[in-house]
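# Close look at the chain arrangement
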There are 2 protein chains.
Amino acid sequence: MRSLLLLLALLLQTSLQAECLTRGTGDMGVIIERASGSLLVINTSEHDALFRVEGLGDLSHASVVFSRDERYAYVFGRDGGLTQVDILCGLIVKRIIQGGNSIGGAISQDGRLVAVSNYKPGGVKVFSSDDLSLVADIPATPFKDKRSKTVGLVDAPDQRFVFALYDTGETWILDMTDPKNPGITRFTDTGRLPYDGLITPDGRYYINGLFGEDGLALLDLWHPEKGMRRILDHYGKGEQQLPVYKMPHLEGWAIAGDRAFLPAVGHHEVLVVNTGDWKEAGRIPVHGQPVFVMARPDGRQLWVNFAFPDNDTVQVIDSETLKIIKTLKTGKGTLHMEFTPRGEEVWISVRDRDEIQIYDTRTLELKKRLPARKPSGIFFTDRAHKTGL
Amino acid sequence: MRSLLLLLALLLQTSLQAECLTRGTGDMGVIIERASGSLLVINTSEHDALFRVEGLGDLSHASVVFSRDERYAYVFGRDGGLTQVDILCGLIVKRIIQGGNSIGGAISQDGRLVAVSNYKPGGVKVFSSDDLSLVADIPATPFKDKRSKTVGLVDAPDQRFVFALYDTGETWILDMTDPKNPGITRFTDTGRLPYDGLITPDGRYYINGLFGEDGLALLDLWHPEKGMRRILDHYGKGEQQLPVYKMPHLEGWAIAGDRAFLPAVGHHEVLVVNTGDWKEAGRIPVHGQPVFVMARPDGRQLWVNFAFPDNDTVQVIDSETLKIIKTLKTGKGTLHMEFTPRGEEVWISVRDRDEIQIYDTRTLELKKRLPARKPSGIFFTDRAHKTGL
């Protein structure tokens, strides 16, 4: 009888384990289902959904980073929630409310630290990626009776994070080499109201968008001693104020070869910029106000989606001729795009059709539709291996 | 009794399954143990070995590619062996002898096809990555009473492979979009005796090294109609013949930003080349004849190892100042280097010490030694997500 109980116990354990998958995680990803606070776990080899994970709170403007083994997704919610999801088992490992109102996060180069930038209370918190225990709390500069909002948080090489202080116009480099003694380098001449940031794929340049004035602020992380530098003076709303339906995310920039392609603010244009001198090299007229301009991983094509009321369309641009080679009518609420790691496909979320559309990037034809509940952001696991994603 | 047998059967299955790991594969890799024909499966988060897989045949000059889910390693042996290894279970899934003498392989952009280039019989064979069944057999151009050796095989965007024909001086583009009707584009003006090839990380330029003459042959895959172009006329053994201990692999090139860094042939130098016009921009004196010049993923450093008799040393170069910032005495038989995906560490195989040395790329200090049997090549799974690796 005793051995039978043991057998049963072992069996029970088996059935629990059987709910987790033994499979490679390199072809997996997650899709944010904003309205239902859930996450769809997918794989890009068979084009199917593996799990739906629920209970993630307010997922508007949610973003995701992955652990260095590509098993865990860390989901940053607008409600200050930070949730660790096991994509092999389809369950929440841990969920904390780490702040009152947060706006994105990043994972350190070594994968051991997850950082979140908060509006309220203004500052950055750093957690262990193992168990979400607090490692460091970095309050922002006081502003009026509160602390400045922090925005544009990215990871950088050599175990650093970089972010901007919206209210006080600063950029900070946070060095987490020694987690018990975080090092902070402050740049107070960033410009008025930095609202977002990006880091170039090589981790060298950090760039802030400015809400309070035109132009962008650039920091060369190879030479922080040179301080912040202003580039693209005319970038922004400009003198001739235009209705801006959505301030473009800076993550919406594409960098391909020695050129950057970025959404013009308020105009139906994609700007072309030389990354050598950060000067404008051209403009491409497009269908609407661009939101994301994304480069196919080989830099051969740019895929662009648009702000309301033109958010039913995606355009594909040849990065060499700068000509539009295809206009796709994907449907209302076309919110995000993600390329498979080697770029043979792009997955596009179409909120109002409750579906993901998968396109072949060679033929530019639709290959498959995958049902999802009001999908927004799409994040594939290969981001684990990249700086700034 | 019957139910007890069922229980036992289930248990047995459990114990078999228990040998496989349920874990993410993004931080895994394999190390070639040449002398014993074995493979060490490792993970870079805990710095430990998970499995040793034996029975892989002759692994001299072996190379490895990974499936798109990062679960399977395909090992190309010098003996014509092609072995599919499951790194989550530590076992050989399938092993075939596909040719008499082979020299490397590649995996297609979509991950469905594995191609091998053969010396004997000269040509390329393409297999299904699922079960290693033959999909296409591409014999090379006849030469004397045989067929030309094929070398320098790489994958390219849009489901293509590119390779060179050593004896007949050709470069072929193999289009596998329709696996039943492979398309071949031939370039017959490659130069004398191409011995190796590389593709730039963006998948645009394919470059052949030439054994029969100085200079390199370049093909712009965005513009194949322009044909092959000769670059770096003096690259090679040159008029003043020097003892060349080892023709450097072209995979030993580093491309960082708009510059390529490559081993000079027969000289104690690393060449600096502008990738804009493919002209030489400088030379860096180093400790010996370089074999591999590898860029840290952010392009900030170059790590160089050397041919016999200087193969006990690694030098680190600052990619901006071109100065040597560290000389490491790693030990005799320092054969290969591999960076972790985001570059915080580099793993170095030191054959004669039967160990892998793991360095922190920020401090340039040794972090750990990991025992391995006469290790040579090191391959991490993030290669699955990259073109040409």
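Here, every reference points to the structure presented above.
So, here's what we can say about the structure. (Residues numbered from 1 in each chain as written. Chains lettered and ligands numbered in written order. Predicted model: local features only at pLDDT ≥ 70, side-chain atom pairs only at ≥ 80, totals over all residues. Heavy atoms only, no water.)

## Regarding the state of the cysteines
Residues and elements named next belong to chain A. Note the following rule: Any two cysteine sulfur atoms within 2.5 Å of one another count as a disulfide. Secondary structure elements follow DSSP: runs of H or I of four or more residues count as helices, runs of E of two or more count as strands, with numbering from the N terminus. Relative accessibility decides the category of a residue: with a 1.4 Å probe and only protein chains considered, values under 20% of the type maximum give buried, values over 50% give exposed, and everything between is partly exposed.
Tallied over the full model, the rule gives 2 disulfides over all chains. Covalent S-S linkage joins Cys20 and Cys89, the inter-sulfur distance amounting to 2.0 Å. Torsion about the S-S bond of the Cys20 and Cys89 cystine: about 110 degrees, corresponding to right-handed handedness. Of this pair, Cys20 sits in the loop between helix H1 (2-17) and strand S1 (28-33) while Cys89 sits in the loop between strand S6 (81-86) and strand S7 (91-97); the two residues are 69 residues apart in sequence, bridging distant segments of the chain. Given the relative accessible area of 21%, Cys20 is considered partly exposed.

## A look at the interface of chain B and chain A
Frequently, the measure chosen for interface size is the accessible area removed from exposure when the parts meet. Condition: In what follows, residue pairs with any heavy atoms lying within 4.5 Å of each other are defined as contacts. Simply put, the buried area is the total loss of 1.4 Å probe accessible area from both parts when two parts are fitted together. Counted as salt bridges are all cases of a side-chain nitrogen of Lys or Arg within 4 Å of a carboxyl oxygen of Asp or Glu. Think of a polar contact as two N or O atoms within 3.5 Å of one another; within protein, one of them needs to be a possible hydrogen donor and the other a possible acceptor, and neighboring residues in sequence only count if both atoms come from side chains. Note that Gly is not counted as nonpolar here; it falls among the polar residues with everything else outside the nonpolar set of Ala, Val, Leu, Ile, Met, Phe, Trp, Tyr, Cys and Pro and the charged set of Asp, Glu, Lys and Arg.
Each partner contributes to the interface: chain B provides 50 residues, whereas chain A provides 50 residues. Buried surface at the junction of chain B and chain A, summed over both partners, amounts to about 4400 Å²; 49% is from carbon and sulfur atoms. If you look at where chain B meets chain A, you find 8 salt bridges. Across the pair A:Asp158 and B:Arg296 runs a salt bridge, and its minimum N-O distance is 3.4 Å. Taken together, the links from chain B to chain A amount to 30 residue pairs in polar contact (both at pLDDT 80 or more). A total of 5 residues in the side of chain B that touches chain A trace back to one element, the largest contributor, which is helix H1 (residues 2-18) of chain B. Of the residues in the side of chain B that touches chain A, the class split is 12 nonpolar, 17 polar and 21 charged.

## Thoughts on the relation of the copies chain B and chain A
Both copies of the chain are tied together by a single rotation about an axis and a shift running along it. Going by this rule: In this comparison the copies share one frame, found by least squares on the C-alpha atoms of residues holding pLDDT of at least 70 in both.
Taken as rigid bodies, chain B and chain A are interconverted by a rotation of 180 degrees and an axial shift of 0.0 Å, the fit giving an RMSD of 0.0 Å. Both copies are brought into coincidence by an operation consistent with a two-fold rotation axis. Measuring from the rotation axis to each C-alpha of chain B, the shortest distance belongs to B:Thr22, at 2.3 Å.

## A closer look at the environment of B:Ile356
Residues and elements named next belong to chain B. With respect to the helices and strands, the residue Ile356 is situated in strand S32 (residues 355-360). Note on Ile356: relative accessible area 0%, which makes it buried. Distance in space between the C-alpha atoms of Ile356 and Gly227 is 43 Å, their sequence separation being 129 residues. Apart from the residues within four sequence positions on either side, Ile356 is in contact with Ile31, Trp347, Ile348, Ser349, Lys368, Arg369, Leu370, Ala372, Pro375 and Ile378.

## Let's talk about the pairing of strand S1 (residues 28-33) of chain B
Here is the key point about a regular strand: its side chains alternate between the two faces of the sheet. Residue and element names in this part refer to chain B. This is how the line gets drawn: Only strands that DSSP links by at least two bridges are regarded as paired with each other.
Most of S1 sits inside the fold, with 6 of its 6 residues counted as buried. Across 6 bridges, S1 lies against strand S2 (residues 38-43) in antiparallel orientation. Counted as the bridge partner of Glu33 is Ser38 from S2. Between the antiparallel neighbours S1 and S2 lie 4 residues, among them Gly37 with a positive phi of about 60 degrees. Pairing between S1 and strand S34 (residues 375-380): 4 bridges, direction antiparallel. Its bridge partner being in S34, Gly29 is matched across the sheet by Phe380.

## What about the sheet that holds strand S23 (residues 259-263) of chain B?
Residue and element names in this part refer to chain B. In plain terms, the rule: Lines are fitted to the C-alpha atoms to define the axes, a helix being fitted only along its stretch in contact, and any angle between axes, read from their N-to-C directions, falls within 0 to 180 degrees.
The strand order across the open sheet built from 4 strands is S22-S23-S24-S25, with neighbouring strands paired in antiparallel fashion. Edge positions in the open sheet fall to strand S22 (254-256) and strand S25 (279-285), since each of these has one partner strand only. Shown here is a sheet whose adjacent strand axes are inclined to one another by a mean of 25 degrees, direction ignored. Bridge count between S23 and strand S24 (residues 269-274): 5 bridges; the pairing is antiparallel. Its bridge partner lying in S24, Pro263 is registered against Val270.

## Here's the deal with the sheet that holds strand S3 (residues 48-53) of chain B
The strands that make up a sheet pair up through hydrogen bonds in the backbone, lying either parallel or antiparallel. Residues and elements named next belong to chain B. Here we have 4 strands laid out as an open sheet, ordered S3-S2-S1-S34, and antiparallel in their pairing. A single partner strand is all that each edge strand has here, and the edge strands are S3 and S34. Taken over all neighbouring pairs, the strand axes of this sheet differ in orientation by 25 degrees on average, direction set aside. Bridging between S2 and S3 involves 5 bridges; their strand directions are antiparallel.

## Considering the packing of aromatic side chains
Our working rule: For this analysis, a ring pair means two rings from Phe, Tyr or Trp (six-membered ring only for Trp) whose centres lie within 6.5 Å, classed as stacked if their planes differ by under 30 degrees, edge-to-face if by over 60, and tilted for the remaining angles.
A complete count under the given rule lists 12 aromatic pairs over all chains for this structure. Summarising the aromatic geometry, the rings of A:Phe163 and A:Trp172 are spaced 5.7 Å apart at their centres and angled 55 degrees between planes, so their arrangement reads as tilted. What makes A:Trp172 buried here is its relative accessible area of 2%. Measuring from ring centre to ring centre gives 6.2 Å for B:Trp303 and B:Tyr359, while their planes differ by 55 degrees; the resulting arrangement is tilted.

## A word on a negative patch on the surface
Threshold: Patches were defined on residues exceeding 30% relative accessible area and lacking a salt bridge, with like-charge contacts within 9 Å and nonpolar side-chain contacts (Val, Leu, Ile, Met, Phe, Trp, Tyr) within 5 Å. Accessible surface is estimated by sampling points in the Shrake-Rupley manner with a 1.4 Å probe; for residues, cover comes only from the protein chains shown. We count Lys and Arg on the positive side and Asp and Glu on the negative side, and we leave His and both chain ends out. Every charge is mapped onto a representative atom, which is NZ of Lys, CZ of Arg, CG of Asp or CD of Glu.
Together, A:Glu46, A:Asp48, B:Asp130 and B:Asp131 line one region of the surface with negative charge. Counting through the fold element by element, B:Asp131 comes out in the loop between strand S10 (123-128) and strand S11 (134-139). Given the relative accessible area of 36%, B:Asp131 is considered partly exposed.

## Comments concerning unusual backbone geometry
At the junction of A:Lys120 and A:Pro121, the peptide bond is cis and its omega measures out at -5 degrees in the coordinates. Take A:Pro121: it is sitting in the loop between strand S9 (113-120) and strand S10 (123-128). The omega torsion across B:Phe308 and B:Pro309 is 5 degrees, close enough to zero to call that bond cis. One can find B:Pro309 in the loop between strand S27 (301-306) and strand S28 (313-318). You will see that A:His61, though not glycine, has its phi angle at about 55 degrees, which is positive. Along the chain, A:His61 falls in the loop between strand S3 (48-53) and strand S4 (63-66).

## A look at the pattern of salt bridges
Tallied over the full model, the rule gives 47 salt bridges over all chains. Among the salt bridges present, the one from A:Glu355 reaches A:Arg369, with a minimum N-O distance of 2.7 Å. Residue A:Glu355 is found in strand S32 (residues 355-360), and its partner A:Arg369 is found in strand S33 (residues 366-371); the two are separated by 14 residues along the sequence. Take A:Arg369: its relative accessible area is 44%, and that puts it in the partly exposed class. Among the ionic pairs, B:Glu269 bridges to B:Arg283, the shortest N-O distance being 2.6 Å. Of this pair, B:Glu269 sits in strand S24 while B:Arg283 is found in strand S25, placing the two residues 14 residues apart along the sequence. Among the residues examined, B:Glu269 registers a relative accessible area of 21% and is labelled partly exposed. One salt-bridge network, held together by shared partners, links A:Arg204, A:Asp220, B:Arg300, B:Asp318 and B:Glu320.

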